[in-house]
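Breakdown of the fold
Here are the chains, one letter per residue:
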Amino acid sequence: MLFLLYTPLEMYSQDTIQRNILEYQVRLKKYQKKWDNLIPMHTVFQYAGGMGLMSVGAGWSYGKEKQWETDIMLGVIPKYVSDKWKITMTIKQNYIPWRISVKKNMEIEPFECGIYFNTVFSDEFWTKEPDRYPDGYYGFSTRIRSHVFVGQRLRLLIPEKYRRLAKRVTLFYEISSCDLYIASAFTNHLNLDDYLRLSFGLKFQIF
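Residues numbered from 1 in each chain as written. Predicted model: local features only at pLDDT ≥ 70, side-chain atom pairs only at ≥ 80, totals over all residues. Heavy atoms only, no water.

**Some thoughts on the confidence of the model for the protein chain**
The pLDDT averaged across the protein chain works out to 86; a share of 86% of its residues lies at or above 70. Highest mean pLDDT in the protein chain belongs to strand E1 (residues 42-47) (98); lowest belongs to helix H1 (residues 2-5) (46). Contacts for the low-pLDDT stretch residues 1-6, under 50 throughout, to residues beyond four places or in other chains number one contact. (pLDDT = per-residue confidence, 0-100. Helix = DSSP H or I, 4+ residues; strand = E, 2+ residues; numbered from the N terminus. Contact = heavy atoms within 4.5 Å.)

This is the structure we're talking about:
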């Protein structure tokens with residue numbers, strides 16, 4: 001066994017050595033590429049949207065036309081709308097089916113849609129109903145909310161000579177609603193502003 005592990009290089013032919021080196025380099029590049037894919041490609045800031053007053057996060061763009069995005073965000077609920085400051089976390093999936101070029105450095109994304117799930121880090125919310133409630137009393141979790149949304153975007157390409165932190169900036173707005181609001185809309189007489197939420201955001205594309 002030790003002989004196999006520590007066989008001198010002189011016992012290998014030159015072709016074998018070159019092939020081993022090449023195979024190692026190929027494996028190394030594949031390994032590095034897998035880790036490179038974990039590096040976030042953009043940062044995003046969002047105001048409102050049922051994920052806190054302000055949220056910030058990072059994400060990845062993928063697909064043939066970069067039409068898919070996945071974001072992970074942290075937000076804050078201020079004390080003036082709650083008994084104390086709270087932190088939220090959101091996982092968001094975006095889909096942008098097409099883009100329209102307006103100018104050389106400007107594109108409109110006339111339609112985007114997606115879904116996101118968010119939670120609040122607080123003992124006031126629960127995933128399973130507390131024992132003080134009868135089984136099925138609520139029938140839903142107060143800790144995790146699911147949302148659907150639609151919106152529009154404007155993408156601005158930053159000329160290469162002016163780039164510092166990003167190569168592209170995207171401005172967007174979204175109209176969203178969560179599972180509880182949608183259920184209430186069908187069972188109660190609600191106005192649109194009772195269950196629809198408007199939010200605004202900025203995305204900075206790094207890669």
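**Description of the pairing of strand E8 (residues 168-178)**
Most of E8 is tucked away, with eight of its eleven residues classed as buried. When strand E7 (residues 144-157) meets E8, the two strands line up antiparallel, connected through eleven bridges. Each residue of the ladder has a partner; that of Val 148, found in E8, is Ser 177. Examined bridge by bridge, E8 and strand E9 (residues 197-205) share nine bridges and lie antiparallel to one another. Bridging from a neighbouring strand, Ser 176 pairs with Arg 197 of E9. (Buried < 20%, exposed > 50% of the residue type's maximum accessible area, 1.4 Å probe, protein only. Pairing = 2+ DSSP bridges.)

**Points about the nonpolar core**
Of all hydrophobic cores here, the largest spans six residues; its members are Val 44, Met 51, Met 73, Tyr 116, Phe 149 and Phe 172. Sequence-distant contacts of Tyr 116, that is, excluding residues within four places in its chain, are made with Gly 49, Met 51, Thr 90, Ile 91, Lys 92, Arg 145, Ser 146, His 147, Phe 149 and Ser 176. (Core = buried A, V, L, I, M, F, W, Y, C linked by side-chain atoms within 4.5 Å.)

**Topic: the environment of Leu 74**
Mapping Leu 74 onto the fold places it in strand E3 (residues 68-77). As for Leu 74 and Gly 57, which are separated by 17 residues in sequence, their C-alpha atoms are 6.1 Å apart. Discounting chain neighbours no more than four positions away, the residues touching Leu 74 are Met 54, Ser 55, Val 56, Thr 88 and Met 89.

**Quick notes on empty space enclosed by the protein**
Taken as a whole and assessed by the stated rule, the structure comprises one cavity of 30 Å³ or more. Its volume calculated, the largest cavity comes out at about 30 Å³. Lining the largest cavity are Val 44, Glu 69, Asp 71, Lys 92, Asn 94, Arg 153, Phe 172, Glu 174 and Lys 203. Those elements that provide at least two residues to the lining of the largest cavity are E3, strand E4 (86-95) and E8. Taken together, the residues of the lining of the largest cavity sort by class into two nonpolar, one polar and six charged. (1 Å grid on protein atoms, 1.4 Å probe; cavity = no way out; pocket = protein on both sides within 12 Å on 5 of 7 lines; lining within 4 Å. Points joined across faces, edges and corners; volume = space filled by probe spheres on them. Nonpolar A, V, L, I, M, F, W, Y, C, P; charged D, E, K, R; others polar.)

**Notes on the packing of aromatic side chains**
According to the stated counting rule, one finds five aromatic pairs in the structure shown. Between the aromatic rings of Tyr 31 and Trp 35, the centroid separation amounts to 6.4 Å while the plane-to-plane angle is 65°, which identifies the pairing as edge-to-face. Taken together, the positions of Tyr 31 and Trp 35, both in helix H2 (residues 14-36) and four residues apart, correspond to about one turn of that helix. The burial state of Tyr 31 is the same as that of Trp 35; both residues are exposed. With centroids separated by 5.8 Å and ring planes inclined at 40°, the aromatic side chains of Tyr 116 and Phe 149 adopt a geometry described as tilted. A residue pair is termed long-range when its members are at least 10 positions apart, and Tyr 116 in strand E6 (residues 106-121) and Phe 149 in strand E7 qualify at 33 residues. On the basis of relative accessibility, which here comes to 0%, the residue Tyr 116 falls in the buried class. Relative accessible area serves as the criterion here: at 2%, Phe 149 is assigned to the buried category. (Phe/Tyr/Trp six-rings, centres within 6.5 Å; stacked < 30°, edge-to-face > 60°.)

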